[in-house]
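Fold and geometry: a report
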Amino acid sequence: MKSGVDTVALTIVIVLFLAVTVIGFLAARWRRAEDLGSLDEWGLGGRGFGMFVTWFLLGGDLYTAYTFVAVPALMYTSGAIGFFAVPYTIIMYPLIFVFLPRLWSVSHRHGYVTPSDFIRGRYGSRALATAVALTGLLATMPYIALQLVGIQAVLEVMGVGGHGNTLVADIPLLVAFAALAAYTYSSGLRAPALIAFVKDSLIYLVIVVAVIYIPHKLGGWGQIFDSAQASLQQPNPATGKPKGSTVPTSQVYWPYATLALGSAMALFMYPHSITAVLATRNRNVVRRNASLLPAYTLLLGLIALLGYMALAAKIKPVGLDGKPNPQLAVPQLFENMFPSWFAGIAYSAIAIGALVPAAIMSIAAANLFTRNIYKEFFRPDATHAQEAKVSKLVSLLVKVGALAFVLTLDKTLAINFQLLGGIWMVQTFPAIVFGLFTRWFHRWALLAGWAVSMIYGTVEAYRVINPATKAHFGGSSAPIPLLDGRNGYIAVTAFVINVVITVALTVVLRALKAPAGHDVTEPEDYTADAGDPRVTPLPELTRT
Amino acid sequence: MVGREDSPASTTGGRAPYVVGAYILAGILLVAPFIALMWVSSYAKDSPRLWGFPFFYWYQLLWVLVTAVCTAVAYVLVHRVDRPREPLTDRNAR
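Residues numbered from 1 in each chain as written. Chains lettered and ligands numbered in written order. Predicted model: local features only at pLDDT ≥ 70, side-chain atom pairs only at ≥ 80, totals over all residues. Heavy atoms only, no water.

**Focus on the packing of helix H5 (residues 85-110) of chain A against helix H12 (residues 250-267) of chain A**
Residue and element names in this part refer to chain A.
- Two numbers describe how H5 lies on H12: the axes approach to 8 Å, and their chain directions differ by 45°. By the angle class used here, H5 and H12 are oblique. Here H5 and H12 pass one another in a crossing that is right-handed. Packed against H5, whose contacting residues are Pro-87, Tyr-88, Ile-91, Met-92 and Leu-95, the element H12 presents Tyr-256, Ala-260, Leu-261, Ser-263, Ala-264, Met-265 and Leu-267 at the interface.
- The residue inventory of the contact of H5 with H12, partitioned by class, reads 11 nonpolar, one polar and no charged. (Axes fitted to C-alpha atoms, helices over the stretch in contact; angles between N-to-C directions. Helix = DSSP H or I, 4+ residues; strand = E, 2+ residues; numbered from the N terminus. Parallel < 35°, antiparallel > 145°, perpendicular 65-115°, else oblique. Left-handed = near helix turned anticlockwise from the far one by under 90°. Contact = heavy atoms within 4.5 Å. Nonpolar A, V, L, I, M, F, W, Y, C, P; charged D, E, K, R; others polar.)

**A word on the interface of chain B and chain A**
- In this complex, chain B contributes 38 residues to the contact, which on the side of chain A involves 43 residues.
- Between chain B and chain A lies a buried interface of about 3400 Å² when both sides are counted; carbon and sulfur atoms form 76% of it.
- Of all residues in chain B, Phe-34, Tyr-57 and Tyr-75 of chain B give up the largest surface area on contact with chain A, accounting jointly for 18% of the area buried on that side.
- Our count for the chain B to chain A interface comes out at one salt bridge.
- On inspection of chain B and its partner chain A, the count reaches four residue pairs in polar contact (both at pLDDT 80 or more).
- For the side of chain B that touches chain A, the secondary-structure elements that each account for two or more residues are helix H2 (17-38), helix H3 (55-82) and helix H4 (85-93) of chain B.
- Considering every element that reaches the side of chain B that touches chain A, the biggest residue donor is H3 of chain B, with 16 residues. (Buried area = accessible area lost by both parts, 1.4 Å probe. Salt bridge = Lys/Arg side-chain N within 4 Å of Asp/Glu carboxyl O. Polar contact = N/O pair within 3.5 Å; in protein donor to acceptor, adjacent residues only side chain to side chain.)

**What to know about the confidence of the model for chain B**
All names here are of chain B.
- Across chain B, pLDDT averages 73, with 69% of residues at or above 70.
- Averaged over each element, pLDDT in chain B is lowest for helix H1 (residues 2-6) (40) and highest for H3 (85).
- Scored below 50 in pLDDT, residues 1-13 shows 15 contacts in the model against residues more than four places distant or in partner chains.
- Note on residues 85-94: pLDDT is under 50 here. Beyond four places in sequence and across chains, it has 19 contacts. (pLDDT = per-residue confidence, 0-100.)

**Section: the side chain of Thr-506 of chain A**
Residues and elements named next belong to chain A.
- Inspection of the secondary structure puts Thr-506 in helix H23 (residues 490-511).
- Owing to a relative accessible area of 0%, Thr-506 belongs among the buried residues under this scheme.
- Those residues in contact with Thr-506 that sit more than four places away from it in its chain are Trp-440, Phe-441, His-442 and Ala-445. (Buried < 20%, exposed > 50% of the residue type's maximum accessible area, 1.4 Å probe, protein only.)

**Details of the packing of aromatic side chains**
- As enumerated under the stated definition, the model contains 28 aromatic pairs over all chains in all.
- Here the aromatic rings of Trp-341 of chain A and Phe-342 of chain A are separated by 5.6 Å at their centres, their planes lie at 85°, and the arrangement is edge-to-face.
- Centre to centre, the rings of Phe-55 of chain B and Trp-58 of chain B are 5.0 Å apart; their planes meet at 85°, and the pair counts as edge-to-face. Note that Phe-55 of chain B and Trp-58 of chain B are positioned in helix H3 at a spacing of three residues, about one turn of the helix.
- The exposure class of Phe-55 of chain B is buried, given its relative accessible area of 11%.
- Connected via pairs of aromatic rings, a cluster forms that spans Phe-83, Trp-221, Phe-225, Tyr-256 and Tyr-308 of chain A together with Tyr-43, Phe-53, Phe-55, Phe-56, Tyr-57, Trp-58 and Tyr-59 of chain B. (Phe/Tyr/Trp six-rings, centres within 6.5 Å; stacked < 30°, edge-to-face > 60°.)

This is the structure in structure tokens:
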């Protein structure tokens, strides 16, 4: 790593960062929002986004520091396994296609803003609704933590931060954190939606330049794959085995497939993804997006390969603390390959690409808390102004929670933050997705399945030890019970346990005629579209 | 289609055969990417290469485009048979 601060790059990053912050503040006035004081306006952007904006908004929260930092870092350290992000972001489209329009319809018929609202109405179960809300709140924090690690990586490569005590080293992180908090606080979802345009333009620019210019400089794609393979075949000092390979070996098949499947199932359980979906204008915007979003997946695949380019370019990223840090591989590659001014633009793309989703995630988690915990248990008669105030405060607390994850968990591989969140998030899949199609499952059975699989998933994740640092939560794959030593993503194993328990207990509870709870939804609610009767969810929406 | 709407409350049992057919076809189109991509051993190989990309990589990137086409076709199929349901919803809501 070059010593000292890269002034040109740093200046560009600061200028672009300030520009984005100004856009964030101006966004509060975008489309003449009547009143950001109400939760629906602040948190759902007034629920009027069409296809074009939604495309950017969804893309904005799906492709994040996860894409630019965490996935290439995994490719860099472990090879082909990291490419699971591509099948993950492919199979999520058919998945979206099947269940999200039904969620849109029922939410708009009944004025649901969060998945938990739906659970409450569908099963008449406060306990299950609270379980879903708490899971969303918990799982969002490590996902935001991943974004903070991404920003930190950029700042470290630019030479910002000191070698001294941890407080000095963390100052740039805290500054970025504060700016994020400030603009989210003042303008809500409209800020990230508008900034998503800026961010995506930057990302497209950087990636097009990177995937044309860098392979050219490194002697072509064939050369990149060959050098990466040679480098990955060298033994890992901690285990003595090869680090990986560019084509997966048979031990990798199961982890690869389960990581892709589990991640895809988790993604649309996150409160922030659902917020983006509910902010669309009609039920078909989501479906049409499902056939357009793959442009992002192609991009993601090429970005993932930056990890191999870093291997081919013989980049040895070392953090400010003197330890190897694979998260720095891509920013370091940019520093070595690009002139300072363009490296600055590339860093900005990464940093802003982490800030936007972090903002969306924290807003969504805050909405969830306000609607399903604060109003449910503390202030059922809260006014809209009070709700909005609590949401803003909680969005800040969620970011603080994320910071706690960064500071306490092993961050050798940042992708494990997101995968840990996924383990928890998938456990709400049966209640939400199955519930969109059938009321056969019993609410108590769903709650029991959720509880057992949450405990199982957390314990299994805790038991994974990182061979290099000996830290707990060192990975997200573990041997699958009954499958003879095969490894798999813990989220999927836990999900199977969840479903088995839910089905078994449902049979028992139905036989015992346990009270099923009142279902306020009707079958036609699930196919209703804009313009249909009663698709006028909340009074706030008609008050324009 | 018009004939179906005239017979009341025939939401599931009395659908025209091609409506069912459209749903099945859409279902197949949506399941195909899962099967193709979960079956990792079918594509975990280096050759043939394309522009220097091992098969493992270009095959999966190809599936991005294939899946986009699959979901687009499924959208058209489902959207066409979904539409006539709206009047039904209207009637039930009253």
